[in-house]
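Residue strings, one per chain:
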Amino acid sequence: MKKVLTIFSASLLWVLTTLPANSEMGAGVSILFGQVDANGTETEKTVTGVTSETTSADTLESSFGYSIFGEYRFDNRFALGLEYIPVDLSVGAGNRTDNSSGADAASEADTGDRSVSADLSDLFVAYARVPVPMTNSFYVKLGYHDADLQISESLPTSSYPDVDLNGIEYGIGFQSEDGRARFELAHVDYDDITVTGTGSGETNQNKVDADADATLIRLSYGF
């Protein structure tokens, strides 16, 4: 939710103006390696009284990208930050061909080639980095993801709108002695997704229910 991110950013700005002198503002860049595990079910013809058809699929997509971030660092290695990923990350893609000879009307037939793909776009991550006690370099990380799920499709009788997608990130990392270079491994649990399509007739209203999780590796350097 963009409103949640706006509230967080405003709160972070207020916090930054009240921080003690033993803290500093920093920025940096990261290289990302990600793998998204998604599974979903499409229900065709969801109108009451019409026979529904369901198709399920699982996908595993790998992505490569980069990000920029700004953060406030404390001398005890605790940090609050905001990250932006300007490149799209693939969630999944697929295609199939349907044949239907039993429709009462041509508008109700679902014959044709179908292809669809989904990408995470305009992704922001608000996060806190917390040092692990009795260590000099290890830390845990908690983040909140806010992104647009962009759906591109080629369907004979319907289309799907883009939707907002949110998730919680849990991670662990290791940083260099000066705190500039970092390596992180994280898991992201995204919210369940429900998207209702628009059809060429009322009997062609389709719906997709899906769930996605991601594994991320970050190599970061801060300034």
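Relevant structure appears above.
Residues numbered from 1 in each chain as written. Predicted model: local features only at pLDDT ≥ 70, side-chain atom pairs only at ≥ 80, totals over all residues. Heavy atoms only, no water.

Colleague: Go over the layout of surface pockets with me, naming the residues and quoting the values.
Modeller: By volume, the second largest pocket amounts to about 210 Å³. Lining the second largest pocket we find 17 residues, and of these Phe-74, Arg-77, Gln-175, Asp-178 and Gly-179 sit closest to its centre. (1 Å grid on protein atoms, 1.4 Å probe; cavity = no way out; pocket = protein on both sides within 12 Å on 5 of 7 lines; lining within 4 Å. Points joined across faces, edges and corners; volume = space filled by probe spheres on them.)

Colleague: Could you give me a rundown of the pairing of strand E9 (residues 181-190), with the residues and numbers involved?
Modeller: Only one face of E9 is covered, namely the one carrying Arg-182, Glu-184, Ala-186, Val-188 and Tyr-190; the face carrying Ala-181, Phe-183, Leu-185, His-187 and Asp-189 has none of its residues buried. Where strand E8 (residues 163-175) meets E9, nine bridges bridge the pair, whose relative direction is antiparallel. Bridge pairing in E9 places Gln-175 opposite Arg-182. Linking E8 back to E9 in an antiparallel pair, the connection comprises five residues, with Gly-179 at a positive phi of about 80°. Of the pairings in the sheet, the one linking E9 to strand E12 (residues 207-222) comprises nine bridges and is antiparallel in character. Counterpart to Ala-181 in the pairing with E12 is Tyr-221. (Buried < 20%, exposed > 50% of the residue type's maximum accessible area, 1.4 Å probe, protein only. Helix = DSSP H or I, 4+ residues; strand = E, 2+ residues; numbered from the N terminus. Pairing = 2+ DSSP bridges.)

Colleague: So what's going on with a nonpolar patch on the surface? Which residues, and what values?
Modeller: There is a patch of nonpolar side chains on the surface, built from Ile-31, Phe-33, Phe-64, Val-130, Phe-138, Val-140, Ile-172, Phe-174, Phe-183, Leu-185 and Leu-219 and spanning about 970 Å² of accessible area. Of all the elements in the fold, those that place two or more residues in the nonpolar patch are strand E1 (23-44), strand E6 (138-154), E8 and E9. Position of Phe-183 relative to the elements: it lies in strand E9. We classify Phe-183 as partly exposed; its relative accessible area is 39%. (Patch = residues over 30% accessible without salt bridge, like charges linked within 9 Å, V, L, I, M, F, W, Y side chains within 5 Å. Areas by Shrake-Rupley, 256 points an atom, 1.4 Å probe, with all protein chains shown as cover. Salt bridge = Lys/Arg side-chain N within 4 Å of Asp/Glu carboxyl O.)

Colleague: Talk me through the pairing of strand E3 (residues 79-85); I want residue IDs and the actual numbers.
Modeller: When a strand is regular, its side chains alternate between the sheet's two faces. Across the seven residues of E3, five count as buried, placing the element largely inside the fold. Here six bridges tie strand E2 (residues 53-74) to E3, and the two strands are oriented antiparallel to one another. Looking at E3, one finds that Arg-73 is bridged to Ala-79. Between E2 and the antiparallel strand that follows it, E3, lie four residues; Arg-77 among them carries a positive phi value of about 80°.

Colleague: Summarise empty space enclosed by the protein; cite the residues concerned and give the values.
Modeller: Scanning the entire structure with this criterion turns up two cavities of 30 Å³ or more. When its volume is computed, the largest cavity comes out at roughly 70 Å³. Around the largest cavity, the lining residues are Gly-34, Gln-35, Val-36, Ser-63, Leu-89, Leu-120, Leu-123, His-145, Tyr-190, Ala-214 and Leu-216. Of all the elements in the fold, those that place two or more residues in the lining of the largest cavity are E1, strand E5 (112-131) and E12. A total of three residues in the lining of the largest cavity trace back to one element, the largest contributor, which is E1. Its residues assigned to classes, the lining of the largest cavity shows seven nonpolar, four polar and no charged. Roughly 40 Å³ of volume is contained in the second largest cavity. (Nonpolar A, V, L, I, M, F, W, Y, C, P; charged D, E, K, R; others polar.)

Colleague: Pulling in residues and values, what's your account of the nonpolar core?
Modeller: In this structure, Val-91, Leu-120, Leu-123, Leu-149, Leu-165 and Tyr-190 are the most contacted members of the largest nonpolar core, which totals 22 residues. Residue assignment for this core shows that the elements contributing at least two residues are E1, strand E4 (89-98), E5, E6, E9, strand E10 (193-196) and E12. In terms of residues, this core owes the most to one element, E5, which gives four residues. (Core = buried A, V, L, I, M, F, W, Y, C linked by side-chain atoms within 4.5 Å.)

Colleague: Explain the pattern of salt bridges residue by residue, including any values.
Modeller: Inspection of the entire model under this criterion finds ten salt bridges. Its salt-bridge partner being Arg-73, residue Glu-71 comes within 2.7 Å of it at the nearest N-O pair. Each member of the pair, Glu-71 as well as Arg-73, carries the same accessibility label: buried. Through salt bridges with shared partners, a single ionic network connects Glu-71, Arg-73, Glu-83, Arg-129, Lys-141, Glu-169, Arg-182, Glu-184 and Arg-218.

Colleague: Give me the lowdown on the side chain of Arg-129, citing residues and values where you can.
Modeller: Its place among the elements puts Arg-129 in strand E5. Arg-129 sits in the buried class, given a relative accessible area of 3%. In this structure the side chain of Arg-129 is engaged in a polar contact, spanning 2.9 Å, whose partner is the side chain of Glu-71. Filtering out sequence-adjacent residues up to four positions away, Arg-129 remains in contact with Glu-71, Arg-73, Arg-77, Phe-78, Ala-79, Tyr-139, Val-140, Gln-175, Arg-182 and Glu-184. (Polar contact = N/O pair within 3.5 Å; in protein donor to acceptor, adjacent residues only side chain to side chain. Contact = heavy atoms within 4.5 Å.)

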